[in-house]
Amino acid sequence: MKLDNDLLIKAAIGENVERTPVWLMRQAGRILPEYRAIRNSLSGFKELVETPHLAAEVTIQPVDILDVDAAIIFSDILVVPEAMGLSYQMIEKKGPWFEKTIHTNEDVDSLVIPDVNDQLSYVMEAIRITKKELNGRVPLIGFAGAPWTIFSYMIEGQGSKTFSKAKKMLYTNPELAHNLLKKITLTTIKYLKAQISAGADVVQLFDSWAGILTHQQYIEFGIKYVNEICNAINEVPVTVFSKGAYFARKELGELKCNTIGLDWNMDIKKSRELIGPEKTLQGNLDPCVLYSDFKNIQKQTNEMLCKFGKNRHIANLGHGVYPDITPDKVICFIEAVKTYKN
Ligand code: 1CP
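Residues numbered from 1 in each chain as written. Predicted model: local features only at pLDDT ≥ 70, side-chain atom pairs only at ≥ 80, totals over all residues. Heavy atoms only, no water.

**Q** Any chance you could explain the site of the ligand here in plain terms?
**A** Every one of the 20 residues lining the ligand counts as a neighbour, but Arg-39, Asp-76, Tyr-153, Ser-208 and His-319 are closest to it. At 2.6 Å, a side-chain N or O of Arg-39 approaches an oxygen atom of the ligand. For the ligand, an oxygen atom lies 2.7 Å from a polar atom in the side chain of His-319. For the ligand, whose accessible area on its own is 890 Å², the fraction buried by protein is 84%. When its residues are assigned to classes, the shell around the ligand shows 11 nonpolar, six polar and three charged. (Near = heavy atom within 4 Å. Polar contact = N/O pair within 3.5 Å; in protein donor to acceptor, adjacent residues only side chain to side chain. Areas by Shrake-Rupley, 256 points an atom, 1.4 Å probe, with all protein chains shown as cover. Nonpolar A, V, L, I, M, F, W, Y, C, P; charged D, E, K, R; others polar.)

Here is the structure:
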């Protein structure tokens, strides 16, 4: 279906745009009272993720309310480990928790490479409903966690400040680590392809814990598998967001993907030099700027847009929007991007 607003796609593939497109990571599930109303009427987060017409509804809310240039399908990166055999619970105010985690080679062997259209049919159905209801207004972004980030949850069983159990595995049993990363990679390729078949117009890999690794480790255990995924996905533009991996920007620039996400610590000019002219850059306003007043949000956004230049940029924050940011501040950021004059 033809898109009415294809700014994000044009920017991703390097075409000239009349203005910079804008969306926010985590725009769907954190800040809108309209989201909380639906979420609070249910038993929990998982019910929302697994109920396609409601997942579609909260996916579209930011398009209606915030007027962003893209929707991102409401789901979570943790549906992948679950489909492979490790089910999770989302514990209120604490976050994800996996009862079983990976310790031994036998544990890795017991994981399956799932039939994603069966095990994750609710995601595909949510994408189909969203595409129908969006009716071409804006592109729909599909996503998955990058293998290293999914690996971290499979070993740790929950969030962590240091991810030291996951890192310990890289030092003590690299063979197990590679076997597990391979399985996650194969599943992720199938999963992203299924999302694209269901209607995703762009896909993004979230490598949220990339910055925990050393440069050498990120090349060996992170980028290696991100690269395999990029090589396998040729159908739609691909974005890679490796949070904290400032040290690997040169290698990220060599991936066969369209867009590289920058966090707020990555200097824009230096990133362009390291990544090269062939990639679109996405980001990278400090999410905490949205705590400041409207005037400062406009000022900081303008400064950011000036540094990126008009083409090959998708405006976003440097990580997900924080839950206690008020929607009026988010709208101020979006409006600042839309009214900016190069
Ligand atoms: O927020 C949205 O726009 C909706 C879609 C979305 C996305 C893109 C959710 C819903 N999760 C994600 C990605 C995701 N999930 C990432 C990568 C992006 C990032 O770095 O922010 C990660 C690391 C997760 C894992 C996860 N899921 C955590 C973090 C745990 C930790 O280690 O600190 C948490 C708390 C969740 C729960 C979750 N996922 C999404 C929502 C709305 C929630 C909150 C659950 C609730 O409503 O109770």
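**Q** Help me understand the pairing of strand 6 (residues 238-242), please; the structure alone is not making it clear to me.
**A** Within strand 6, five of the five residues are buried, leaving the element largely enclosed by the surrounding structure. Alternating residues of strand 6 divide into Val-238, Val-240 and Ser-242 and Thr-239 and Phe-241, and every residue in both groups is buried. When strand 5 (residues 202-207) meets strand 6, the two strands line up parallel, connected through five bridges. Paired with Phe-206 across the two strands is Phe-241, which belongs to strand 6. At this point the chain moves from strand 5, through helix 12 (residues 215-232), to the parallel strand 6, and the crossover so formed is right-handed. Relative to strand 7 (residues 259-261), strand 6 runs parallel, the two sharing three bridges. (Buried < 20%, exposed > 50% of the residue type's maximum accessible area, 1.4 Å probe, protein only. Helix = DSSP H or I, 4+ residues; strand = E, 2+ residues; numbered from the N terminus. Pairing = 2+ DSSP bridges. Right-handed = clockwise from strand over helix to strand, strands pointing away.)

Geometry only, nothing functional implied.
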